[in-house]
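Chain residues, written in single-letter form:
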Amino acid sequence: MDIESLLKQHADKDLLRFITCGSVDDGKSTLIGRLLLESKQVYEDQLAAVQRDSRKWGTQGDDADLALLVDGLQSEREQGITIDVAYRYFSTPKRKFIIADTPGHEQYTRNMATGASTADAAVILVDARSGLQTQTRRHSFIVSLLGIRHVIVAINKMDLIDHSQDRFDSIVADYRAFANKLGVGHVHCLPVVALDGDNVLERSDKLSWYQGRTLIELLESIPLGDEASSADFRFPVQYVNRHSESFRGFAGTVASGRIAVGEGVMAMPSGRQSRIERIVTFDGDQQSAMAGQAVTVTLADEIDLSRGDMLVRPEARPRIAEGLDARLVWMADTPLNPGRQYDLRFATSTVAATPQLIHHQIDVNSLEHHHVDELGLNDIGLVRWGLSKPTAFDAYGEHRQTGSFAVIDRISNLTVGAGMIVRPVTDELADKSSNVVWHEHRIAKIQRAGQKSQRPAVLWFTGLSGAGKSSVANALEQALFQRGYHSYLLDGDNVRHGLNRDLGFTDEDRVENIRRIGEVARLMADAGLVVLSAFISPFRADRELVRELMEPGEFVEIHVDASLATCESRDPKGLYAKARAGAIKHFTGIDSPYEAPDKPEIVLDTETLSIEESVDALIDYLKQRQILV
Amino acid sequence: MNDQASQRQLSHLEMLEAEAIHIIREVAATAEHPVMLYSVGKDSGVMLHLARKAFYPSPPPFPLLHVDTTWKFQAMYEFRDWIAKDMGMELIVHINQDGVDQKVGPFSHGSKTHIDIMKTQALKQALSHYGFDAAFGGARRDEERSRAKERVFSFRDRNHGWDPKNQRPELWNLYNGRVHKGESIRVFPLSNWTELDIWQYIHAEDIPMVPLYFAAERPVIERDGILMVVDDAARLPADLDQEPVMKTVRFRTLGCWPLTGAVESTATSLLDVIEETLKVKHSERQGRSIDRDPGASMEEKKRQGYF
Ligand SMILES: Nc1nc2c(ncn2[C@@H]2O[C@H](COP(=O)(O)OP(=O)(O)O)[C@@H](O)[C@H]2O)c(=O)[nH]1
């Protein structure tokens, strides 16, 4: 290839940023060393230096210890661990990569959060011998907290477990079960030997049972930037460029979405409107600008606009509020104290703010919520902030750039925390949830649910016995709980033995059974809960009755679908056998009909979907319907 | 980089360019008294180009600062003055007068002392003298192992010291440049660029470069294993009685002429240079004698305030 075509190829590459994490000694540095070495980013003299250092510090005898290509600072080397975020660069013919290398050490949640904040993907290292560790869980949690949608789990040191596929499969199953609870978007697992490079760039015979993509192929195939470019337009004004009397340009980087000349924009928080007149760059005017581009725009009208303001489209505005709830990673030795004033640094604006209350602290290992009075170094919590002025922002889940903030200590000037916005706090919400309850006012359902950052709903699972209703409903409830949502599952166990103890299985009793369950579900939805019910509920009319009890949109009918033959062959409780033998009467599917829903909101075909996949589908749906915020 | 935005993915160079422009604007918007260090080299050239893009149609709202060790190549001085004039930038040149009075130089005092007095100390003097609270530098993280952990906004205490343990976390694209009086921030907009990116960008944007980067016949003396191009024969020490020989060489990095090793090369055009860079098997700083001390010597220098 001649130099010009080579340059052309390099010029067309895109850029993927990823973070690597793993516990100490999982082989992370070795893996990165391998990536750098094999993509020829290591120069001979660097390798020579590493060989020299290997004799002094290395763990590989006289061989070059690849980890030393990566481990950096003197003081760290003396301790034999990496303790900060280090950035590495390499490229393949398709793509350029920036690695944020973060430590596996217990105490460095803050470094991981830092590295993850700019990453598009995460590579999580697992030592095949030890499987999932507490730290693997913690790293995965932080990855999901920071909104990374693609996780690659590299199960390393396969050579030390005889390249065992069984072992690999069981680690993968463990991981998927856990990732599901967290709501990580896309999980890819692969077996590797970092030391020899197996499945890093090249496949190996020893792992021939693995048919999937190598690490580099995975990294090359992760889609880029689609979220930011398809999101609503956000342009935080960074710098006002006054070139002359007639030129007043607003410089900034498009945080998300796109805009074109002539389109209408609104200034936040003032609400003033105008149109984009020009999009100016050094290389000439552009017709439009997209997420990631640094441009200067001019407006058709003279409106008041300065650094810290945001340009948006009038029909797709961010929230403006004087308070917010945010997940917070605390990064300083001095704990966060409610009541003390800090500066919050949003995209380009700085706002004085006071933490008013710590809703809870999240245990990164167990994901449990605890009540605490302060957040210490490396703690993660949900915190309510009062802002000194109305501020425009988004939810982090939808807008990474305009839904995040850094917390700055006003005295030391240090960056002490990282915030991911969950929701705005309006006066109404603040009143209702700050212990002051107005007795003369009824608390509305929506307020109760808003406090839990969800919308009330009844998820009605229906289907044959053995179709998987309870398994899916249980797994979903687990997933909701782990994400901090408030739900309750009504099923045979907690209803049949109490509330409906007096009912049998005649058609009348079945109708009454469902009616009572519907009423209980309604009360619970009124309390703001996401209610799950898992009963066969065979009759269409009964289910429609419950739908009628609920407000429009609250009832979500989920058909858990599997053929009678499949259900009968599963027969987990031996009921079909008994029904066939005549020991149970009126058994749905055998001697009592099942009326499948006409237009269920969701159909889960459990003959093809795993429980995890069903839960994923449900969570996606609930998010899309904004039942989960 | 004049592509219209369509429904497409930005290329890595476009992303790096946008990121650098964002960083440069951030400093201009938040620092009280910023300055851009200009070392005449290719990285400085790219950084200056990005600064012009960031504020177009206005000129960058800060001056350039050149810390002159008095031992740079003549071609660098000429180029520097031409660039400042051509781009309409204010140029501040600072020389450590103390060092000059004591006749500090690389031959008489050795590279370590020379760099310390004429470069490190000189830089601190200049920053304190003018009261700059933010200074842009063209350093990249891929240059050297210890730089891999450097922040984009690197905090320096009142003594211009850098403490690797006390750097601010950098989240998303939020940079914290707040300082108390006397403290400062070094800002590295090119942090995420590699050497190849730099060359590629120079090519794409047609950024002017000092001729020293291109191969030409130059008078060379081999000294301590490096090829030294004799820029000013009158300043050679008496004991160095070797006759320079003419060789076709060029430079991969630029610094003080007695300390910067040339490489033999026939690359006379930008494309030749890029081709050579792609093929090269020796890392860039090898030509600089400052990194020859074993282990993490660059880290030591940074702790003491070297850029
Ligand atoms: N047998 C074997 N050893 C490995 C493999 N990957 C890494 N190691 C070794 O595991 C140890 C820890 O590796 P290192 O990369 O320093 O781990 P880090 O702490 O995660 O960066 C070193 O002795 C490596 O040589 C592998 O795939 N197989």
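Criteria and cut-off values
Residue positions are given per chain, counted from 1 along the sequence in the order it is written. To read the labels, note that chains go from A and ligands from 1, taken in the order they are written. Local features in this predicted model are restricted to residues whose pLDDT is 70 or higher, and side-chain atom pairs enter the listing and the counts only when it is 80 or higher, whereas totals over whole chains, interfaces and linings include all residues. Computation of side-chain values: all heavy atoms of the structure, hydrogens and water removed. Each helix is a run of DSSP H or I of at least 4 residues and each strand a run of E of at least 2, with the numbering of both proceeding from the N terminus. Any two residues whose heavy atoms approach within 4.5 Å at even a single point are treated as in contact. For every accessible area listed, the method is Shrake-Rupley and the probe measures 1.4 Å; residues are considered covered only by the protein chains on display. Categorising residues by exposure relies on relative accessible area from a 1.4 Å probe, with only protein chains included: less than 20% of the type maximum marks a residue as buried, more than 50% marks it as exposed, and the intermediate range marks it as partly exposed. Note on ring pairs: Phe, Tyr and Trp rings are taken, using the six-membered ring of Trp, and paired if centres are within 6.5 Å. Classes follow the plane angle, with under 30 degrees stacked, over 60 edge-to-face and the rest tilted. Working rule: Lys NZ or Arg CZ, within 6 Å of ring centre, within 35 degrees of ring normal, means a charge sits over the ring. Axis angles are defined between N-to-C directions and span 0 to 180 degrees, where every axis is a line fitted to C-alpha atoms and, for a helix, only to the segment in contact. By the definition adopted for this analysis, an angle is roughly parallel if under 35 degrees, roughly antiparallel if over 145, roughly perpendicular if from 65 to 115, and oblique otherwise. Residue polarity follows a fixed list, in which Ala, Val, Leu, Ile, Met, Phe, Trp, Tyr, Cys and Pro are nonpolar, Asp, Glu, Lys and Arg are charged, and the others, Gly among them, are polar. pLDDT measures how confident the predictor is about each residue, on a scale from 0 to 100. Left-handed describes a crossing whose near helix is turned anticlockwise from the far helix by less than a right angle; the clockwise case is right-handed. Here a strand pair is declared whenever DSSP counts at least two bridges between the two strands. We call a crossover right-handed when, viewed with the strands running away from us, the connection from the first strand over the helix to the second turns clockwise. Multiply 1.5 Å by the residue count of a helix minus one, and that product is the helix's expected span. Working definition: the arc comes from the directions between the helix axis and the C-beta atoms, pointing outward to the latter. Like-charged residues within 9 Å of one another, or nonpolar side chains (Val, Leu, Ile, Met, Phe, Trp, Tyr) within 5 Å, are grouped into patches, provided each residue has over 30% relative accessible area and no salt bridge. We define a salt bridge as a side-chain nitrogen of Lys or Arg found within 4 Å of a carboxyl oxygen belonging to Asp or Glu. Take the buried Ala, Val, Leu, Ile, Met, Phe, Trp, Tyr and Cys residues and link them wherever side-chain atoms come within 4.5 Å; each set so joined is a nonpolar core.

Engineer: Looking at this structure, I do not really get the overall build of chain A. What am I missing?
Structural biologist: Broken down by element type, chain A carries 19 helices and 27 strands. In chain A, the proportion of contacts linking residues at least 24 apart, taken out of those at least 6 apart, comes to 70%. Summing over all exposed atoms, chain A offers an accessible surface of approximately 26,200 Å²; the carbon and sulfur share of this is 47%.

Engineer: Sorry if this is basic, but what is going on with the overall build of chain B here?
Structural biologist: A tally of regular secondary structure across chain B gives 8 helices and 10 strands. The proportion of buried residues among the 307 residues of chain B is 62%. By element, 49% of the accessible surface of chain B is carried by carbon and sulfur atoms, the whole surface being about 11,600 Å².

Engineer: Before we go on, may I ask you to explain the packing of aromatic side chains in this structure?
Structural biologist: When we look at a pair of aromatic rings, we describe it by the centre distance and by the angle of the planes. Under the defined criterion, the tally for this structure stands at 27 aromatic pairs over all chains. Plain terms: the ring middles of Trp-193 of chain B and Tyr-201 of chain B are 5.1 Å apart, the flat faces sit at 85° to each other, and that makes the pair edge-to-face. Each member of the pair, Trp-193 of chain B as well as Tyr-201 of chain B, is classed as buried. Three or more aromatic residues joined by ring pairs form one cluster here, namely Trp-330, Tyr-342, Phe-346, Trp-385, Phe-393 and Phe-405 of chain A. Seen from the ring of Phe-178 of chain A, Arg-137 of chain A lies directly overhead, with NZ or CZ sitting 5.6 Å from the centre. The ring of Trp-71 of chain B carries the charged tip of Arg-235 of chain B above its face, separated from the ring centre by 3.6 Å.

Engineer: What am I meant to see in the packing of helix H1 (residues 12-30) of chain B against helix H2 (residues 42-55) of chain B here?
Structural biologist: Between two packed helices, both the angle of their axes relative to each other and the distance between the axes serve to describe the pair. All names here are of chain B. Between H1 and H2, whose axes approach to 9 Å, the crossing angle comes to 70°. As summarised for this structure, H1 and H2 are arranged roughly perpendicular, according to the angle between their axes. Contact with H1, carried on its side by Glu-17, Ala-20, Ile-21, Ile-24, Arg-25 and Ala-28, involves Met-47, Leu-50, Ala-51, Lys-53, Ala-54 and Phe-55 of H2 and no other residues of that element. Grouping the constituent residues of the contact of H1 with H2 by class yields 9 nonpolar, no polar and 3 charged.

Engineer: Any chance you could explain the environment of Leu-382 of chain A here in plain terms?
Structural biologist: All names here are of chain A. Assignment of secondary structure puts Leu-382 in strand E20 (residues 380-393). Placed 55 residues apart in sequence, Leu-382 and Arg-327 show a C-alpha to C-alpha distance of 4.4 Å. Non-local contacts of Leu-382, meaning those with residues more than four positions away in its chain, are made with Asp-325, Ala-326, Arg-327, Leu-357, Ile-358, His-359, His-360, Val-422 and Arg-423.

Engineer: Before we go on, may I ask you to explain the confidence of the model for chain A in this structure?
Structural biologist: Parts of the prediction with low pLDDT should not have their coordinates interpreted in detail. All names here are of chain A. Considering every residue of chain A, the mean pLDDT works out to 86; 89% of them sit at 70 or more. When the elements of chain A are averaged for pLDDT, helix H5 (residues 74-79) gives the smallest value, 47, and strand E7 (residues 234-236) the largest, 98. With pLDDT under 50 throughout, residues 77-82 is counted as low confidence; its partners more than four residues away or in other chains account for 15 contacts.

Engineer: What should I look at first to understand the packing of helix H1 (residues 3-11) of chain A against helix H7 (residues 270-279) of chain B in this one?
Structural biologist: Packing of H1 of chain A against H7 of chain B brings their axes to within 10 Å, and their N-to-C directions diverge by 70°. Relative to H7 of chain B, the element H1 of chain A lies roughly perpendicular. In this structure, the crossing between H1 of chain A and H7 of chain B has a hand that is left-handed. Contacts between H1 of chain A and H7 of chain B involve Ile-3, Glu-4, Leu-6 and Leu-7 of chain A from the first element and Leu-271, Ile-274, Glu-275 and Leu-278 of chain B from the second. Tallied by class, residues from the contact of H1 of chain A with H7 of chain B come to 6 nonpolar, no polar and 2 charged.

Engineer: Any chance you could explain the sheet that holds strand E14 (residues 294-299) of chain A here in plain terms?
Structural biologist: In a beta sheet, neighbouring strands are held together by backbone hydrogen bonds and run either parallel or antiparallel to one another. One open sheet holds the 7 strands; their spatial order is E7-E15-E11-E12-E14-E9-E8 (chain A), and the pairing between them is antiparallel. Edge strands, defined here as strands with exactly one partner in the open sheet, are E7 and strand E8 (239-244) of chain A. Taken over all neighbouring pairs, the strand axes of this sheet differ in orientation by 40° on average, direction set aside. Strand direction decides the pairing type here: E8 of chain A and strand E9 (residues 247-253) of chain A, joined by 5 bridges, are antiparallel. Residue pairing in the sheet places Asn-241 of chain A in a bridge with Gly-249 of chain A of E9 of chain A. Each of E8, E9 and E14 of chain A is contacted by H1 of chain B, which is oriented at about 60° to E14 of chain A, the strand it contacts most.

Engineer: What is the right way to look at the pairing of strand E16 (residues 319-330) of chain A in this model?
Structural biologist: Residue and element names in this part refer to chain A. As paired elements, E16 and E20 share 10 bridges and run antiparallel to each other. Pairing of Val-329 across the sheet is with Ile-380, part of E20. Across 7 bridges, the pairing between E16 and strand E22 (residues 415-424) is antiparallel. Opposite Asp-325, over in E22, you have Arg-423 as the bridge partner.

Engineer: In this structure, what is going on with the pairing of strand E1 (residues 34-37) of chain B? I would like to understand it.
Structural biologist: Side-chain direction in a regular strand flips from residue to residue, so the side chains alternate between the two faces of the sheet. All names here are of chain B. Alternating positions in E1 separate into two faces, Pro-34 and Met-36 on one and Val-35 and Leu-37 on the other, with burial throughout. Sheet analysis places E1 next to strand E4 (residues 134-136), joined by 3 bridges and oriented parallel. Counted as the bridge partner of Pro-34 is Ala-134 from E4. Strand direction decides the pairing type here: E1 and strand E2 (residues 64-67), joined by 2 bridges, are parallel. Residue pairing in the sheet places Met-36 in a bridge with Leu-64 of E2. Taken together, E1, H2 and E2 form a β-α-β motif whose crossover is right-handed.

Engineer: Mind showing me how you'd approach the environment of Asn-166 of chain B here?
Structural biologist: Residue and element names in this part refer to chain B. The topology assignment puts Asn-166 in the loop between strand E5 (153-156) and strand E6 (184-187). With relative accessibility at 38%, the residue Asn-166 sits in the partly exposed group. Sequence separation of Asn-166 and Phe-155 is 11 residues, and the distance between their C-alpha atoms is 8.2 Å.

Engineer: Explanation requested: the sheet that holds strand E1 (residues 14-21) of chain A in the structure shown.
Structural biologist: Residue and element names in this part refer to chain A. Pairing within the open sheet is mixed, and its 6 strands lie in the order E2-E3-E1-E4-E5-E6. One side of each edge strand has no neighbouring strand; the edge strands of this open sheet are strand E2 (86-91) and strand E6 (186-191). When strand polarity is set aside, the average angle formed by the axes of neighbouring strands in this sheet is 25°. One ladder, built from 6 bridges, connects E2 with strand E3 (residues 95-101); its direction is antiparallel. Note on E3: the bridge partner recorded for Ala-86 is Asp-101. The strands touched by helix H7 (residues 134-145) within the sheet are E1, strand E4 (121-127) and strand E5 (150-156), with E4 carrying the most contacts at an inclination of about 175°. Sitting on the sheet, helix H8 (residues 165-182) is in contact with E4, E5 and E6, with an inclination near 165° to E6.

Engineer: Hey, could you run me through the environment of Ser-29 of chain A in this one?
Structural biologist: One can find Ser-29 of chain A in helix H2 (residues 28-38). Taking C-alpha positions, Ser-29 of chain A is 8.3 Å from Asp-101 of chain A, a pair spaced 72 residues apart along the chain.

Engineer: Would you take a moment to explain helix H19 (residues 611-624) of chain A for this structure?
Structural biologist: One full turn of an α-helix is made of 3.6 residues, so residues set three or four places apart face in the same direction. Residue and element names in this part refer to chain A. Here H19 contains 14 residues, and its C-alpha end-to-end distance of 20 Å stays within 8% of the 20 Å for a straight helix at 1.5 Å per residue. For H19, the set of buried residues is Ser-614, Val-615, Leu-618, Ile-619, Tyr-621 and Leu-622. On an axial view of H19, the arc spanned by its buried residues comes to 160°, and they lie on one face. More than 90 degrees from the buried face of H19, the exposed residues found are Asp-620 and Gln-624. Just downstream of H19 lies Gln-626, where phi reads positive at about 60°.

Engineer: Help me understand a nonpolar patch on the surface in this model?
Structural biologist: Judged by side-chain polarity, Val-93, Ile-95 and Val-100 of chain B come together as a nonpolar surface patch covering roughly 180 Å² of accessible area. With respect to the helices, strands and loops of the structure, Ile-95 of chain B is situated in the loop between strand E3 (91-94) and helix H4 (97-101).

Engineer: Where do I start with the nonpolar core in this structure?
Structural biologist: Most often, soluble globular proteins keep nonpolar side chains buried together rather than apart. Judged by nonpolar contacts, the single largest core of 130 residues is most densely connected at Phe-141, Leu-146 and Ile-155 of chain A together with Val-46, Leu-50 and Trp-193 of chain B. Apart from residues lying up to four places away in sequence, Val-46 of chain B is in contact with Leu-190, Trp-193, Ile-198, Tyr-201, Ile-202 and Ile-207 of chain B. Val-472, Tyr-485, Ala-562 and Ile-627 of chain A belong to the second largest nonpolar core, which has 33 residues in total.

Engineer: Sorry if this is basic, but what is going on with the pattern of salt bridges here?
Structural biologist: Once the charged atoms of two side chains with opposite charge are near each other, the side chains can pair. Taken as a whole and judged by the stated rule, the model has 39 salt bridges over all chains. Here Glu-26 of chain B makes a salt bridge to Arg-307 of chain A, at a shortest N to O gap of 2.7 Å. Of this pair, Glu-26 of chain B sits in helix H1 while Arg-307 of chain A sits in the loop between E14 and strand E15 (310-312), each in a different chain. On the accessibility criterion, Glu-26 of chain B (1% relative accessible area) is buried. Close ionic contact of Arg-156 of chain B with Glu-150 of chain B constitutes a salt bridge, the shortest N to O distance being 3.5 Å. Comparing Arg-156 of chain B with Glu-150 of chain B shows no difference in burial state: the two are buried. Where salt bridges share partners, they join Arg-543, Glu-544, Arg-547, Glu-557 and Glu-601 of chain A into one cluster.

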